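Residue-level structural notes
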Amino acid sequence: MRSGAALGPRSALRPLRHRDFRLLWTGLVVSNVGTWMQFVAVGYLVDRLTLSPLYLGLLALAQAVPRFVFAPVGGALADRWDRKALLFWTNAWLAASALVLAGLTLGGWIRVWHVLALAAVNSALQSFDMPARHSWIPSLVDSDEVLQAVTLNSVAFNGAGIVGPSLGGLVIAWAGEAGCFLLNALSYAAVVAALRRMAAPPPPVPARASVLAEVGEAVTLLRRNRTVAWVLGTVAAVNFLGRPYFRLMPAFAREVLHADAAGLGLLQAAPGLGTLLSPWYVAVGQTRGQGWLLARSALGLGVCVTLFALSPAFGWAFGFLVAAGLFQSAALSSANALVQTAVEPGMRGRAMGLYSVTAFGMFTLGSFPFGALAEATGTSSALAAGGLLTVLLALGVGPRLRRLVDEGEGGR
């Protein structure tokens, strides 16, 4: 399943020539800056209230459970409903949730259980937002630009992670966590404005079965399509083992690097800097095959997470996080594009529901056991263990991925 065209670095920005994709992408960049600010502020708030990496793991668990429950349903609805309307309402409710969190924090009433409950609500809302957004992207660009569009979508999220966390750390130091929550609520206006200017999407396919039946079809897809099953299985394992470093970073910054809120913001911005480089890395790497790209990116992520966990100083940690962001974005982008191009257009919403579970659900789920391990052995040791396991996984599944994807053994 090599790409039909050997695309070079200049192709990385081609999807932006399409007006609707450009509008959505621009709105997401602005909104995601606010999302990253809230991500940093929530982690900092929980760590400040508890001084425990275990509670950071519980925060991740609260985000994981709704994703497992609702993302498959969100994927089915994305194949049945108007995706533009679905995105409009999910963003409106996410803004309202941020305002509630800001009000509780400003009033001095905030407790850890409030943060956990609202994190679960946000995760449930994002379970409907993510499948609709990802499954809409291929219809906004040409068929040979899907991988580049998916990579740019990743840049819109993770690239905003350069500004958002850094700004979040400064806002926390100046106005407290509530300032981040308020700015995040305001940032959703960018997506709403972009959606209002975009052309209406094609009408949804008439439903021929119940939502639960369509969710069942998505699960059946894993049995029928070996490529999708192996790609999503790899994504699930990589996210469970290799990405908890991000949720546990407040504890690592405090325990190992003795960093303040501004330092934490810089650390959580570092992977976003690597993400900005990923479109060019992906454009060049896919000429070797997307299976090769996914396997090598997973390997690179594992190595970088291990080295980050063992970093002796802030500068080293920052550098390894930049590299981790590049490989992480490349792995997720290649997996996303592989899944979307391996299924029929009418199945893309449900496929992206499954992808949401494996990409975000497994990342947050993995943060809980690694948070418990960090509580017992120290955050550095726990993250190093996850990085090493990711390396072993990538070495084990790499040959199989290359045979399935690049040599054409997969198929529908």
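Above this text sits the structure in question.
It should be emphasised that the depicted structure is a prediction, and the values quoted were computed from it without experimental measurement. Throughout this document, residue positions are counted from 1 along each chain, in the order its sequence is written. Confidence filtering applies because this is a predicted model: local features only for residues at pLDDT of at least 70, side-chain atom pairs given and counted only at 80 or more, and all residues used for totals across whole chains, interfaces and linings. Heavy atoms throughout the structure, all of them, feed into the side-chain values; hydrogens and water do not.

Runs of H or I in DSSP of at least four residues are treated as helices and runs of E of at least two as strands, each being numbered from the N terminus. Regarding its fold elements, the chain presents 15 helices and 0 strands. Taken over C-alpha atoms, the radius of gyration comes to 20 Å for the chain, in line with the 22 Å a tight globule of 412 residues would show. For the chain, buried positions account for 61% of its 412 residues. Contacts are residue-level and defined by heavy atoms, with any inter-residue pair within 4.5 Å sufficient. Across the chain, the fraction of contacts at a sequence separation of at least 24, relative to all contacts at a separation of at least 6, is 88%. Taken over C-alpha atoms, the radius of gyration is set against a globule rule of 2.2 Å times the number of residues to the power 0.38. Think of it in three bands: with a 1.4 Å probe and only protein chains considered, a residue is buried below 20% of the maximum accessible area for its type, exposed above 50%, and partly exposed in between.

Here we take up the environment of Phe368. Secondary-structure assignment places Phe368 in helix H14 (residues 348-377). Placed 37 residues apart in sequence, Phe368 and Ala331 show a C-alpha to C-alpha distance of 22 Å. Filtering out sequence-adjacent residues up to four positions away, Phe368 remains in contact with Leu54, Gly57, Leu58 and Leu61.

Across soluble globular proteins, nonpolar side chains show a tendency to be buried alongside one another. Only buried residues count toward a nonpolar core. Its members are Ala, Val, Leu, Ile, Met, Phe, Trp, Tyr and Cys residues joined through side-chain atoms within 4.5 Å. One finds Val231, Tyr245, Met249, Phe308 and Tyr355 to be the most contacted residues of the largest nonpolar core, which totals 82 residues. For this core, the element with the most residues is helix H13 (residues 314-342), which contributes 10 residues. Membership of the second largest hydrophobic core comes to 21 residues, among which are Phe21, Ala132, Ile137 and Leu195.

Here we come to the packing of aromatic side chains. Only centres within 6.5 Å qualify two rings of Phe, Tyr or Trp (six-membered ring in Trp) as a pair; their planes then separate them into stacked at under 30 degrees, edge-to-face at over 60, and tilted for everything else. Applying the stated criterion across every chain yields a total of 12 aromatic pairs. Taking 5.9 Å as the distance between ring centres and 85 degrees as the angle between the ring planes, the aromatic pair formed by Tyr245 and Phe246 counts as edge-to-face. Here a set of aromatic residues connected by ring pairs shows up, and it is made of Trp36, Phe39, Tyr245, Phe246, Phe252 and Phe308. Directly above the ring of Phe363 sits Arg243, whose terminal nitrogen or CZ lies 4.5 Å from the centroid. Arg247 extends its terminal NZ or CZ atom over the ring of Phe39, reaching a point 4.1 Å from the ring centre. Charges are assigned to positions over rings by a cutoff of 6 Å between ring centre and Lys NZ or Arg CZ, combined with an angular limit of 35 degrees from the ring normal.

Looking now at empty space enclosed by the protein. A pocket, in this scheme, is an open set of points on a 1 Å grid over the protein atoms alone with protein on both sides within 12 Å along at least 5 of 7 lines, while a cavity is a set where a 1.4 Å probe fits but cannot get out; residues line either one if an atom lies within 4 Å of a point. Grid points are joined across faces, edges and corners, and a volume is the space filled by probe spheres set on the points. All told, the structure shown has 2 cavities of 30 Å³ or more when counted by the stated rule. Quantified by volume, the largest cavity comes out at close to 930 Å³. Around the largest cavity, the lining comprises 43 residues; the ones closest to its centre are Thr35, Arg67, Gln126, Phe157 and Phe360. Sort the elements by how many residues they give to the lining of the largest cavity and helix H4 (residues 112-136) lands first, with 10 residues. Classification convention: Asp, Glu, Lys, Arg as charged; Ala, Val, Leu, Ile, Met, Phe, Trp, Tyr, Cys, Pro as nonpolar; all other residues, Gly among them, as polar. Partitioning the lining of the largest cavity into residue classes produces 21 nonpolar, 17 polar and 5 charged.

With that settled, consider helix H8 (residues 226-242). What a helix should span is 1.5 Å times the count of its residues minus one. Taking 1.5 Å per residue, 17 residues should reach 24 Å; H8 reaches 23 Å between its end C-alpha atoms and fits that length. Taken residue by residue, H8 has Thr227, Val228, Val231, Leu232, Thr234, Val235, Ala236, Val238, Asn239, Leu241 and Gly242 as its buried positions. Think of a polar contact as two N or O atoms within 3.5 Å of one another; within protein, one of them needs to be a possible hydrogen donor and the other a possible acceptor, and neighboring residues in sequence only count if both atoms come from side chains. Between the side-chain oxygen at the start of H8 and the backbone nitrogen of Thr227 there is a gap of 3.1 Å, and the oxygen is on Asn225.

Here, patches come from residues exposed beyond 30% relative accessible area and free of salt bridges, joined within 9 Å for like charges and within 5 Å for nonpolar side chains (Val, Leu, Ile, Met, Phe, Trp, Tyr). Methods summary: accessible areas were calculated by the Shrake-Rupley approach with a probe of 1.4 Å, and residue burial reflects only the protein chains presented. Salt bridge, as used here, is a side-chain nitrogen of Lys or Arg placed within 4 Å of a carboxyl oxygen of Asp or Glu. A contiguous nonpolar surface patch, about 320 Å² in accessible area, is contributed by Val65, Phe68, Val69 and Phe70. Checked against the element boundaries, Phe70 lands in helix H2 (residues 53-78).

Here the focus is the packing of H2 against H14. For helices, the axis comes from a line fit to the C-alpha atoms of the stretch in contact; other axes are also lines fit to C-alpha atoms, and the angle between any two N-to-C directions lies between 0 and 180 degrees. At a minimum axis distance of 7 Å, the contact between H2 and H14 shows a crossing angle of 170 degrees. In terms of axis orientation, H2 runs roughly antiparallel to H14. Tallied by class, residues from the contact of H2 with H14 come to 18 nonpolar, 10 polar and 3 charged. Under this scheme an angle from 65 to 115 degrees is roughly perpendicular, one under 35 degrees roughly parallel, and one over 145 degrees roughly antiparallel; angles in between are oblique.

Before going further, it helps to spend a moment on the environment of Pro165. Looking at where Pro165 falls in the secondary structure, it is placed in helix H5 (residues 146-175). Taking relative accessible area as the criterion, Pro165 reaches 0% and is therefore assigned buried. Spatially, the C-alpha atom of Pro165 lies 6.0 Å from that of Val40, the residues being 125 residues apart in sequence. Leave out the neighbours within four places in its chain, and Pro165 touches Trp36, Val40, Ala160, Gly265, Gln268 and Ala269.

It is worth spelling out the packing of helix H1 (residues 19-50) against H2 at this point. Viewed as axis vectors pointing N to C, H1 and H2 meet at an angle of 140 degrees, and their least axial separation amounts to 9 Å. Taken together, the axes of H1 and H2 are oblique relative to one another. With respect to the hand of their crossing, H1 and H2 are arranged in right-handed fashion. Side by side, H1 and H2 meet where Val42, Gly43, Val46, Asp47 and Thr50 of the first sit next to Tyr55, Leu56 and Leu59 of the second. Class assignment of the residues belonging to the contact of H1 with H2 gives a composition of 5 nonpolar, 2 polar and 1 charged. Note: crossing handedness is left-handed where the near helix turns anticlockwise from the far helix by less than a right angle, and right-handed where it turns clockwise.

Bringing the pattern of salt bridges into the picture now. Two side chains of opposite charge can pair, provided their charged atoms sit close to one another. This model, assessed by the stated rule, comprises 8 salt bridges. One salt bridge in this structure joins Asp79 and Arg83, with 3.2 Å as the shortest N-O distance. Residue classification places Asp79 among the buried residues on the basis of a relative accessible area of 7%. Between Asp129 and Arg133 there is a salt bridge; the shortest N-O distance is 2.9 Å. Of the two residues, Asp129 and Arg133 both sit in helix H4, 4 residues apart, roughly one turn of that helix. Neither residue differs from the other here; Asp129 and Arg133 are each classed as buried.

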